[in-house]
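Summary of the model geometry
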Amino acid sequence: MTIIINAHENSIEKNELSNANDQYRVIGISTEHLSTNDMAYLDHIARMENDENAAWDGVPFAFVGKRQEGYFVKMYEQLDFENSKITLPQDQLQHIALTALKAGYRMIEFDCDADSYEQFKSY
């Protein structure tokens, strides 16, 4: 059985999930805005997801998942890069994350087909 759902605003069914308190916004941002350093930083955290012994204290993101097209990055309500225990260099990942968080987003989908933004450098 195949079920096709059109998720456009005018076709969304209103139900009890429509008013859930536990929800957040996601933005798609092109991977062209991630430098090699930024991707190495995200790769490091994504590998920690698979390590049962990884120490998560001092990690600035709640979750990083890697996939072929890019990354999913879930953010806390506040980002703390100053006390991060990850010492790998990153170029504009912090700037992108803080800008998204200030705009009301709690997750970024970095994707090769997502929109590009003039305020972020392209690599």
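None of the values given here were measured: they were computed from a predicted structure.

1. Quick look at the packing of aromatic side chains
Summed over all chains, the structure comprises one aromatic pair. Positioned above the aromatic ring of Tyr-105, the side-chain terminus of Arg-25 is 4.1 Å from the ring centre.

2. Let's talk about the pattern of salt bridges
According to the stated counting rule, one finds five salt bridges in the structure shown. A salt bridge links Lys-66 to Asp-43; the nearest nitrogen and oxygen atoms lie 3.2 Å apart. Remark: Asp-43 occurs in helix H1 (residues 36–48) and Lys-66 occurs in strand E2 (residues 61–67); sequence separation between them is 23 residues. What makes Lys-66 exposed here is its relative accessible area of 54%. Between Arg-106 and Glu-77 there is a salt bridge, and its shortest N-O distance comes to 3.9 Å. Residue Arg-106 is located in strand E4 (residues 105–111), and its partner Glu-77 is located in the loop between strand E3 (70–75) and helix H2 (93–102); the two are separated by 29 residues in the primary sequence. Residue classification places Glu-77 among the exposed residues on the basis of a relative accessible area of 63%. Salt bridges sharing common partners tie together Arg-67, Glu-69, Glu-109 and Asp-111.

3. Thoughts on the environment of Gln-78
Tracing the sequence through the fold places Gln-78 in the loop between E3 and H2. Expressed as a C-alpha distance, the spacing of Gln-78 and Pro-60, which sit 18 residues apart in the sequence, is 8.7 Å.

4. Thoughts on H1
The α-helix advances 3.6 residues per turn, and as a result positions three or four apart in sequence lie on the same side. Along its 13 residues, H1 runs 19 Å from first to last C-alpha, staying within 8% of the 18 Å computed at 1.5 Å per residue. Looking at the buried residues of H1, the elements they touch are E2, E3, H2 and E4.

5. Remarks on the sheet that holds E3
Here four strands make up an open sheet; going across it, the order is E1-E4-E3-E2 and the pairing mixed. The open sheet is flanked by strand E1 (25–30) and E2, the only strands paired with a single partner. For this sheet, the mean inter-axis angle between neighbouring strands, taken without regard to orientation, is 15°. Examined bridge by bridge, E1 and E4 share six bridges and lie parallel to one another. The residue of E4 that forms the bridge with Arg-25 is Tyr-105. Across the sheet, H1 lies against E2, E3 and E4, angled at about 100° from E2, the strand it touches most. The strands touched by H2 are E1, E2, E3 and E4; relative to E4, the strand with the most contacts, the crossing angle is about 135°.

6. Considering H2
Listing the buried residues of H2 in full gives Leu-93, Ile-96, Ala-97, Ala-100 and Leu-101. Here the buried residues of H2 occupy an arc of 130° about the axis, which is enough to place them on one side. Against E1, H1, E2, E3 and E4 lie the buried residues of H2. Residue Gly-104 follows H2 closely and has a positive phi angle near 100°.

7. Description of the side chain of Ser-35
Mapped onto the secondary structure, Ser-35 falls in the loop between E1 and H1. Polar contacts involving the side chain of Ser-35 include one to the main-chain amide nitrogen of Asn-37, which spans 3.3 Å. Not counting the four nearest positions on each side in its chain, Ser-35 is found in contact with Asp-91 and Tyr-123.

Calculation rules
- Residues numbered from 1 in each chain as written.
- Predicted model: local features only at pLDDT ≥ 70, side-chain atom pairs only at ≥ 80, totals over all residues.
- Heavy atoms only, no water.
- Phe/Tyr/Trp six-rings, centres within 6.5 Å; stacked < 30°, edge-to-face > 60°.
- Lys NZ or Arg CZ within 6 Å of the ring centre and 35° of its normal.
- Salt bridge = Lys/Arg side-chain N within 4 Å of Asp/Glu carboxyl O.
- Helix = DSSP H or I, 4+ residues; strand = E, 2+ residues; numbered from the N terminus.
- Buried < 20%, exposed > 50% of the residue type's maximum accessible area, 1.4 Å probe, protein only.
- Expected span 1.5 Å × (residues − 1).
- Contact = heavy atoms within 4.5 Å.
- Pairing = 2+ DSSP bridges.
- Axes fitted to C-alpha atoms, helices over the stretch in contact; angles between N-to-C directions.
- Arc of directions from axis to C-beta.
- Polar contact = N/O pair within 3.5 Å; in protein donor to acceptor, adjacent residues only side chain to side chain.

As far as function goes, none of this settles anything; it's purely spatial.
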